[in-house]
Each structure stands twice: as C-alpha cells, then as structure tokens.
Amino acid sequence: MPEISLFYGIKVTMYYDDHNPPHFYAEYNGNKIIVDIIKGKVIKGGFPSKQLKLILAWTIIHQDELMQNWELSKDGKPLNRINPLI
C-alpha cells in the first residue's frame, strides 16, 4: 500500500485496484480511517477531532490529485506523491 502523503503525523495511503467508491486510507497514532474522496467524508474508522479536520480539509484541497491517483491505481501504475497540508 503506497504512501502518498505524510503530514502532522498523518500517513495517507492508497491500495492498488481497490473497490469503489474512490477512497484512501489514513492513519494517525494507531487510529485508522477510510475516506471517500468524492464526498470528503469518513467511510469507516475514527480520528481525534483535530486530525480529522486536517485530513478532511486536505482531502478537499487535493481532491483532483487523489482522483488521479485512484485512476492510476486502477491501472496498476505508480502513484504520485501529494503535497502535505502546511
């Protein structure tokens, strides 16, 4: 599962050829979530409030890049790094 971004201790990854809806995985301090890229909402899991706000803001900012990576993953191609939230 390639890491596509890392910021404020939040690791963002995406599986190759994963199921719909388009989503990614995030992990922070042992907490794990799955985030719907299009809706910008958590599908499964939980994060502390501050980190949840950060990852959801990052999702909206980088939605196009996340969807590009989703398409690359469907084709088994290398995924692009996405800038961290600063």
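Since we're looking at a predicted model, the values are computed, not measured. (Residues numbered from 1 in each chain as written. Predicted model: local features only at pLDDT ≥ 70, side-chain atom pairs only at ≥ 80, totals over all residues. Heavy atoms only, no water.)

## What about the pattern of salt bridges?
Phase 1: This structure, assessed with the given rule, holds one salt bridge.
Phase 2: Here E3 ties to R81 by a salt bridge, and the two come within 3.3 Å at their closest N and O atoms. Residue E3 is located in strand 1 (residues 3-7), and its partner R81 is located in the segment after helix 2 (63-74); the two are separated by 78 residues in the primary sequence.
Phase 3: A residue is classified by how much of its surface remains accessible, and R81, at 52% relative accessible area, is exposed. (Salt bridge = Lys/Arg side-chain N within 4 Å of Asp/Glu carboxyl O. Helix = DSSP H or I, 4+ residues; strand = E, 2+ residues; numbered from the N terminus. Buried < 20%, exposed > 50% of the residue type's maximum accessible area, 1.4 Å probe, protein only.)

## Some remarks on the sheet that holds strand 3 (residues 23-28)
Phase 1: Taking strand neighbours across the sheet as the criterion, the five strands line up as 1-2-3-4-5 in an open arrangement whose pairing is antiparallel. This sheet does not close on itself; its edge strands, each paired only once, are strand 1 and strand 5 (41-45). In this sheet, neighbouring strand axes are inclined to one another by 25 degrees on average, regardless of whether the strands run parallel or antiparallel.
Phase 2: As judged from the three bridges shared by strand 2 (residues 10-13) and strand 3, these two strands associate in the antiparallel manner. Within strand 3, the residue paired with T13 across the bridge is Y25. (Pairing = 2+ DSSP bridges. Axes fitted to C-alpha atoms, helices over the stretch in contact; angles between N-to-C directions.)

By themselves these figures say nothing about function.
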